[in-house]
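Chain residues, written in single-letter form:
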Amino acid sequence: MKKNIKGIIGAIIVSLIAIMCIKTCQKQESEAPVGDGLSASEYNVSRATELTEDIFKFIALIEGDKGEGKPYYCGARWTVWYGVTIKPDGSLIKENDKPISKETGKEWCMYHLQNRLLPFFCHFDKRRLTDEQIIGCALFMYNVGAEECTGYNHLGKKLGDPSRFFLAVNSGKKDDYCVNLMTRYRKSAGKRANGLLKRHWVQGAAYKGILNSENILDLRPEHFYKTKNMGNYYWLDGKRNLVENDGLFSLRFDDITINTFFNMNLADDGEKSVRSII
């Protein structure tokens, strides 16, 4: 009974924190409301919340369902279904936690999105984002952290400088430049992690609207990590090194690359797909 009370109290606290974050952003908002009366920050939070299910489908593609409900170590934290590392009560997943069902895993993931991630869209206050941009930004923050992306904590307190990605998106820079900024996050344990770079291709393709919540349903979860040829995702030079400009790698989104992605990752009959694990 005590555990249940603690869990309820924790959930209430997290919800109140999310509300506080939104209110803090509203105070900071300088843009006049337009059309439906919503400012840019209000619109972006509202629309992001409406897109929660679409964002979840992408998380299923990127994170898969490894572990089958048992905690596994992802290299940074103990994790369960869909890359979830934090329970709704705010406690971290631990190695000896009991397995949870897929349904519970989805509930925890959705709770995390709606209460600990999507409220940070209030800091995108300079313009209304498209649905595609919202999904791409949500996936990026799910990976690197909303605090790291925006430069604010969950209470709306400024922590430091926001990421270049956030600044570019918020000010309306071109899509290709924005998605290439994701590639600044490329290291794990001090070394370049090609898995992160491959993940950025998916996030970038979502941001640009190349991948959407419908055309990813029949793709194999996590399979896009398996290719060893980085030329399937990035422009390479004559020595097959990733082309770098201003500290950014250049993601490929030409027709050949896009067609290759779908051909490599489409699930055959009987194979696990995004559709089958959500």
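Everything discussed here concerns the structure shown above.
Scoring rules and cut-offs
- Residues numbered from 1 in each chain as written.
- Predicted model: local features only at pLDDT ≥ 70, side-chain atom pairs only at ≥ 80, totals over all residues.
- Heavy atoms only, no water.
- Helix = DSSP H or I, 4+ residues; strand = E, 2+ residues; numbered from the N terminus.
- Buried < 20%, exposed > 50% of the residue type's maximum accessible area, 1.4 Å probe, protein only.
- Contact = heavy atoms within 4.5 Å.
- Areas by Shrake-Rupley, 256 points an atom, 1.4 Å probe, with all protein chains shown as cover.
- Axes fitted to C-alpha atoms, helices over the stretch in contact; angles between N-to-C directions.
- Parallel < 35°, antiparallel > 145°, perpendicular 65-115°, else oblique.
- Nonpolar A, V, L, I, M, F, W, Y, C, P; charged D, E, K, R; others polar.
- Core = buried A, V, L, I, M, F, W, Y, C linked by side-chain atoms within 4.5 Å.
- Phe/Tyr/Trp six-rings, centres within 6.5 Å; stacked < 30°, edge-to-face > 60°.
- Lys NZ or Arg CZ within 6 Å of the ring centre and 35° of its normal.
- Salt bridge = Lys/Arg side-chain N within 4 Å of Asp/Glu carboxyl O.
- Expected span 1.5 Å × (residues − 1).
- Disulfide = S-S within 2.5 Å.

(A) Up close: the overall build of the protein chain. For the protein chain, the count of helices and strands is eleven helices and six strands. The buried share of the protein chain, reckoned over its 278 residues, is 49%. The long-range fraction of contacts in the protein chain, counting pairs at least 24 apart against all pairs at least 6 apart in sequence, stands at 67%. Surface summary for the protein chain: the accessible area is close to 13900 Å², and the carbon and sulfur share equals 52%.

(B) View of the packing of helix 5 (residues 131-144) against helix 9 (residues 194-207). The contact between helix 5 and helix 9 brings their axes to 7 Å, and the two run at 155°. Relative to helix 9, the element helix 5 lies roughly antiparallel. Residue-level inspection shows Glu132, Gln133, Ile135, Gly136, Cys137, Leu139, Phe140, Tyr142 and Asn143 of helix 5 in contact with helix 9, the latter providing Leu196, Arg199, His200, Gln203, Ala206 and Tyr207. The class makeup of the residues in the contact of helix 5 with helix 9 is eight nonpolar, five polar and two charged.

(C) Highlighting the nonpolar core. Ile55, Phe121, Phe124, Phe165, Trp201 and Val202 are the most contacted members of the largest nonpolar core, which has 70 residues in total. No other element matches helix 5, which puts eight residues into this core. When residues no more than four places from it in sequence are discounted, the contact partners of isoleucine 55 are Ala48, Leu113, Leu118, Ile135, Ala138 and Leu139.

(D) Up close: unusual backbone geometry. Here the phi dihedral of tyrosine 82 falls at roughly 60°; this positive angle occurs in a residue that is not glycine. Note that tyrosine 82 resides in the loop between strand 2 (78-79) and helix 4 (102-117). Unusually for a residue other than glycine, aspartate 246 sits at a positive phi of about 55°. Tracing the backbone shows aspartate 246 in the loop between strand 5 (244-245) and strand 6 (248-249).

(E) Quick peek at the environment of glycine 156. Inspection of the secondary structure puts glycine 156 in the loop between helix 6 (146-150) and helix 7 (164-171). Here the alpha-carbon distance between glycine 156 and histidine 123, two residues 33 residues apart in the chain, equals 8.7 Å.

(F) Focus on the packing of aromatic side chains. Scanning all chains against the criterion turns up 15 aromatic pairs. Members of the aromatic cluster, connected to one another through ring pairs, are Trp201, Tyr233, Phe253, Phe261 and Phe262. Taking the ring centre of phenylalanine 249 as reference, the NZ or CZ of arginine 186 above it sits at 3.9 Å. Sitting above the plane of the tryptophan 235 ring, arginine 252 keeps its charged end 4.2 Å from the centroid.

(G) Inspection of the pattern of salt bridges at higher detail. Counted by the stated rule, this structure contains 15 salt bridges. Two residues, arginine 186 and glutamate 244, come together in a salt bridge whose shortest N-O distance is 3.5 Å. Placement of the pair is arginine 186 in the loop between helix 8 (175-181) and strand 3 (187-188) and glutamate 244 in strand 5, with a sequence separation of 58 residues. Judged by its relative accessible area of 13%, arginine 186 falls in the buried class. Judged by relative accessible area, which is 47%, glutamate 244 ranks as partly exposed. Here glutamate 271 ties to arginine 220 by a salt bridge, and the two come within 3.3 Å at their closest N and O atoms. With a gap of 51 residues between them, glutamate 271 in the loop between helix 10 (255-265) and helix 11 (274-277) and arginine 220 in the loop between helix 9 and strand 5 connect regions that are remote in the sequence.

(H) Spatial organisation of helix 4. Compared with the 22 Å implied by 1.5 Å per residue over 16 residues, the 21 Å span of helix 4 between its first and last C-alpha is a close match. Listed as buried for helix 4 are Gly105, Trp108, Cys109, Met110, Tyr111, His112, Leu113, Asn115, Arg116 and Leu117.

(I) Focus on the state of the cysteines. The final tally for this structure, using the stated rule, is zero disulfides. Summary of cysteine pairing: cysteine 178 is not part of a disulfide, and the nearest cysteine sulfur, belonging to cysteine 137, is at 7.7 Å. Residue classification places cysteine 178 among the buried residues on the basis of a relative accessible area of 0%.

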